[in-house]
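Spelled out, the chains give:
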Amino acid sequence: MDTEYIEKLNNIKDRCQNCHKCSLCNSRTNIVFSAGIPNSKIMLIGEAPGYYEDQKGEPFVGKAGQLLDQILGCVGFSRKVNIYICNTLKCRPPENRDPLPEEKQACWEYLKSQVDILQPRIILLCGRVAVNSFLDTKLGITKLRGKWFEGPHFSKMMPIFHPSYLLRNPSKEKGSPKWLMWQDIKEIRRVYDQLN
Ligand code: URA
């Protein structure tokens, strides 16, 4: 990959910083564009910034983010080394409510550009909101997680549980959400290691 992608990403980020396409621009402290390594083979897409993300301008820096970093770290993924992280929405919905359809629609072009510019080989759809942005399905995350789908640019795409859900379900027993997440992250690493 040449370095043109950095300029392209910076252009999109600038556009987000000046974006007034939905009302979330009125309440944001910062836009939350991305973290991690842009030319990684793997991209994780979450839902939307929360309080700490909005304050810091970086995705997944609150409690859920710390858990996410731990899970990724178990199989050697790190935002400092080999993964790119972004969200479906770039601005925080008030009180962390679910993104509205018009907010998702307004922000879609930015997420799509991130995917089109970087063309990751693996895309992790973290939670229901990210899943619904890419997969036309009525099935819930419990049915979809752990399965591979064909994603944009011939990527492999897998829905995974959102770390906030895991925080609410702390059991590690066989069959629990945390246990399932562990199976998924090992499978993701296995496929990642097979990429050329
Ligand atoms: N939850 C998300 O989906 N994204 C974040 O950046 C933080 C919490």
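No experiment lies behind these values; they were computed from the predicted model shown. (Residues numbered from 1 in each chain as written. Predicted model: local features only at pLDDT ≥ 70, side-chain atom pairs only at ≥ 80, totals over all residues. Heavy atoms only, no water.)

How do you make sense of the sheet that holds strand β5 (residues 149-150) when you look at a structure like this?
Backbone hydrogen bonds are what pair the strands of a sheet, in a parallel or an antiparallel way. As summarised here, the arrangement of the 6 strands in space is β1-β3-β2-β4-β6-β5, forming an open sheet in which the pairing is mixed. Of all strands in the sheet, those bounded by a partner on one side alone are β1 (35-36) and β5. The sheet contact formed by strand β2 (residues 42-46) and strand β4 (residues 122-126) spans 4 bridges and is parallel. Among the inter-strand pairings, Ile42 is bridged to a residue of β4, identified as Ile122. (Pairing = 2+ DSSP bridges. Helix = DSSP H or I, 4+ residues; strand = E, 2+ residues; numbered from the N terminus.)

What am I meant to see in empty space enclosed by the protein here?
Summed over all chains, the structure comprises 1 cavity of 30 Å³ or more. Lining the largest cavity are 14 residues, and of these Cys19, Cys22, Cys91, Cys107 and Tyr110 lie nearest its centre. Among the elements that make up the lining of the largest cavity, the one with the highest residue count is helix α4 (residues 101-118) (3 residues). For the lining of the largest cavity, the per-class residue count stands at 10 nonpolar, 1 polar and 3 charged. (1 Å grid on protein atoms, 1.4 Å probe; cavity = no way out; pocket = protein on both sides within 12 Å on 5 of 7 lines; lining within 4 Å. Points joined across faces, edges and corners; volume = space filled by probe spheres on them. Nonpolar A, V, L, I, M, F, W, Y, C, P; charged D, E, K, R; others polar.)

How should I be thinking about the site of the ligand in this particular structure?
As a structural note, the neighbourhood of the ligand is formed by Gly46, Glu47, Ala48, Glu53, Pro59, Phe60, Asn87 and His162. Taking Ala48, its main chain carries an N or O atom lying 3.2 Å from a nitrogen atom of the ligand. Look at the ligand: alone it shows 230 Å² of surface, and the protein chains cover 91% of it. Judged by its atoms lying within 2 Å of the grid points, the ligand is housed in the largest pocket. Split by residue class, the shell around the ligand holds 3 nonpolar, 3 polar and 2 charged. (Near = heavy atom within 4 Å. Polar contact = N/O pair within 3.5 Å; in protein donor to acceptor, adjacent residues only side chain to side chain. Areas by Shrake-Rupley, 256 points an atom, 1.4 Å probe, with all protein chains shown as cover. Sits in = over half its atoms within 2 Å of the grid points.)

Got a minute to help me understand unusual backbone geometry in this structure?
A negative phi angle characterises most non-glycine residues, just as the trans form characterises most peptide bonds. Positioned with a positive phi, His153 is a non-glycine residue whose angle comes to about 55°. Position of His153 among the secondary structure elements: in the loop between β5 and β6 (156-160). The class for His153 is partly exposed, based on a relative accessible area of 36%. With a phi angle near 60°, Phe154 is a residue other than glycine that sits in the positive phi range. Here Phe154 is to be found in the loop between β5 and β6. Residue class for Phe154 comes out exposed when judged on its relative accessible area of 77%. (Buried < 20%, exposed > 50% of the residue type's maximum accessible area, 1.4 Å probe, protein only.)

Got a minute to help me understand the packing of aromatic side chains in this structure?
Aromatic ring pairs are described here by two measures, namely the spacing of the ring centres and the angle between the planes. One pass over the structure, following the stated rule, counts 4 aromatic pairs. Aromatic side chains Trp108 and Phe134 sit 5.3 Å apart centroid to centroid with 70° between the ring planes, which places their arrangement in the edge-to-face category. Highlighted residues: Trp108 in helix α4 and Phe134 in helix α5 (residues 128-134), separated in sequence by 26 residues. Positioned above the aromatic ring of Tyr110 is the side chain of Lys21, whose terminal nitrogen or guanidinium carbon lies 5.1 Å from the ring centre. (Phe/Tyr/Trp six-rings, centres within 6.5 Å; stacked < 30°, edge-to-face > 60°. Lys NZ or Arg CZ within 6 Å of the ring centre and 35° of its normal.)

Sorry if this is basic, but what is going on with the layout of surface pockets here?
The probe, sized like a water molecule, is rolled over the atoms to show the empty space still left. Looking at the largest pocket, its volume works out to about 340 Å³. Forming the walls of the largest pocket are 18 residues, and the residues nearest its centre are Ala48, Gly50, Asn96, His162 and Ser164. Every element with two or more residues in the lining of the largest pocket is listed here: α2 (51-56) and α3 (63-74). Considering each element in turn, the lining of the largest pocket owes the most residues, 3 residues, to α2. Within the lining of the largest pocket, the residues separate by chemical class into 7 nonpolar, 7 polar and 4 charged.

Teacher, can you tell me more about the environment of Val129 here?
Topologically, Val129 is positioned in helix α5. Looking at Val129, the relative accessible area reads 6%, which means it is buried. Separated by 48 residues in sequence, Val129 and Pro177 have C-alpha atoms that sit 18 Å apart. Non-local contacts of Val129, meaning those with residues more than four positions away in its chain, are made with Glu47, Thr88, Pro99 and Lys104. (Contact = heavy atoms within 4.5 Å.)

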